[in-house]
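In case you want the letters, here they are:
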Amino acid sequence: MAAIARSEQGPQQRVVAAISTPSGAAPIASSVAGVRALQRAVGNRATGRVLAQRRVLARRSPHSDKDLLAMMQKFRKKNDHLTEAEQNKIFWSIKKATDSDEVAWKFFDYYSGYLGAGHKIKKWEGEELAGMRAKTFLANTKPDDDTYIDPAVLLLPDESLGPLLLHEFAHTAHHTNVLGNSDYEEGEAYGVEYFYAERTGDSARMPKIVNIITNAGARWGRQQEKATKENFRVTYVLMKELAKLTSAGSSTLPALAGKSAADGRLMSADFVSGFNSLSADLQTLWNHIKANLSSFGSSDVL
Ligand SMILES: [Zn+2]
């Protein structure tokens, strides 16, 4: 994926680089004097555009494979209660499911944190583990909190573990679930898991997820059924459309007009990690898919 990142950054970087100091060492707009010189050379409006592009680039470039490996080292330090083999298992399952994409970087960033802050992936033990097994829970994640897992999930094949952990990661951005009022957000978590299960080829898990969503009313209550199913469907379609954008480099969807492969990668990561704080772009895409769901036909899930 690093190669895609580099090529996607190309055109905008060239625009900035073309208006650079004679030495070529740094773009001319990097200092006050530089901005004034740029204004004289290309005018106010063009200068504004150049500066805006620089800001966008600084904030919106996907992380490289090297960045991901550096983040993995932080993850190891933060989660040193896990064995190295367990850390590796988590790392490879996420890397495979996401194709090392921006979602992987966001995942390990979340479970690494800064200094004393940040979150961990913890294993249930003893009586707590027995209690969770009695309730057939494999994992649990409260919003903006740690993820707890049954240690047995670390024995699952990578193609199952990765989507399961990404399901839990999606929950980190959900509402605090008071009396089951936010159960409909399971639709997004299962939509994320289904999308990645399809990618990893976990054909045993996919029909199970469809079954869970089909019976959403019985599982989470009738008043949650419609929103749960809708969240599942819109999430799956949205992830598919962003994946198509990422691989093709452009999209025919009006909501994704002008977006690049890099945008597809960044928007996927923002979506999985920020369901309740969507960017304007993601909200527009979500609304478009929701309003036109029947046109995104897929016999299995729609
Ligand atoms: Zn869940």
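This is a predicted model, so every value here is computed, not measured.

Trainee: Explanation requested: the overall build of the protein in the structure shown.
Mentor: Secondary structure summary: the protein contains 14 helices and three strands in total. If you take every contact in the protein between residues at least 6 apart in sequence, the share linking residues at least 24 apart comes to 66%.

Trainee: Just checking my understanding: could you explain the sheet that holds strand β1 (residues 121-123) for this structure?
Mentor: Strand pairing within a sheet occurs via backbone hydrogen bonds; the two strands may be parallel or antiparallel. Read across the open sheet, the three strands follow the order β1-β3-β2; overall the sheet is mixed. Every other strand in the sheet has two partners, leaving β1 and β2 (139-141) as the edge strands with one partner each. Each adjacent strand pair in this sheet contributes to an overall mean axis angle of 20°, direction not counted. Across three bridges, β2 lies against strand β3 (residues 147-149) in antiparallel orientation. Directly across from Thr141, in β3, lies its bridge partner Thr147.

Trainee: Looking at this structure, how should I read the environment of Met132?
Mentor: Topologically, Met132 is positioned in helix α7 (residues 126-134). Met132 sits 18 residues away from Asp150 along the chain, and the two C-alpha atoms are 7.9 Å apart. For Met132, the contacting residues outside a window of four places in its chain are Trp124, Phe137 and Asp150.

Trainee: When you look at unusual backbone geometry in this model, what are you seeing that I'm missing?
Mentor: One non-glycine residue, Thr136, adopts positive backbone phi at about 60°. Along the chain, the position of Thr136 falls in the loop between α7 and β2. Non-glycine residue Asp144 carries a positive phi angle of around 50°.

Trainee: For this particular structure, what's the right way to read the nonpolar core?
Mentor: As a rule of thumb, soluble globular proteins bury nonpolar side chains together. Ranked by size, the top nonpolar core spans 55 residues in total, and within it Phe107, Leu166, Ala170, Val192, Leu238 and Val272 carry the most contacts. Among the elements that line this core, the one with the most residues is helix α12 (residues 222-248), at eight residues. Beyond its immediate chain neighbours, meaning those up to four positions away, Val192 contacts Leu166, His167, Ala170, Thr235, Met239 and Val272.

Trainee: Where do I start with the packing of helix α5 (residues 84-98) against helix α8 (residues 158-171) in this structure?
Mentor: The geometry of a pair of packed helices is captured by two quantities: the angle between their axes and the separation between those axes. As a packed pair, α5 and α8 sit with axes 8 Å apart at the nearest point and diverge in direction by 85°. Between α5 and α8, the crossing angle belongs to the class labelled roughly perpendicular. Contacts from Lys89, Ile90, Trp92, Ser93, Ile94, Lys96 and Ala97 in α5 reach Asp158, Leu161, Gly162, Pro163, Leu165 and Leu166 in α8. Of the residues assigned to the contact of α5 with α8, the class counts are eight nonpolar, two polar and three charged.

Trainee: How should the packing of helix α9 (residues 186-200) against helix α10 (residues 205-214) be read in this particular structure?
Mentor: The interhelical angle for the contact between α9 and α10, taken along N-to-C directions, is 160°, at an axis separation of 9 Å. Relative to α10, the element α9 lies roughly antiparallel. The handedness of the crossing between α9 and α10 is left-handed. Note on element contacts: α10 touches α9 through Arg205, Met206, Ile209, Ile212 and Ile213, opposite Tyr190, Glu193, Tyr194, Ala197 and Glu198.

Basis of the calculations
- Residues numbered from 1 in each chain as written.
- Predicted model: local features only at pLDDT ≥ 70, side-chain atom pairs only at ≥ 80, totals over all residues.
- Helix = DSSP H or I, 4+ residues; strand = E, 2+ residues; numbered from the N terminus.
- Contact = placed C-beta atoms within 7 Å.
- Pairing = 2+ DSSP bridges.
- Axes fitted to C-alpha atoms, helices over the stretch in contact; angles between N-to-C directions.
- Core = buried A, V, L, I, M, F, W, Y, C linked by C-beta atoms within 7 Å.
- Buried ≥ 20, exposed ≤ 12 C-beta atoms within 10 Å, placed from the backbone.
- Parallel < 35°, antiparallel > 145°, perpendicular 65-115°, else oblique.
- Nonpolar A, V, L, I, M, F, W, Y, C, P; charged D, E, K, R; others polar.
- Left-handed = near helix turned anticlockwise from the far one by under 90°.

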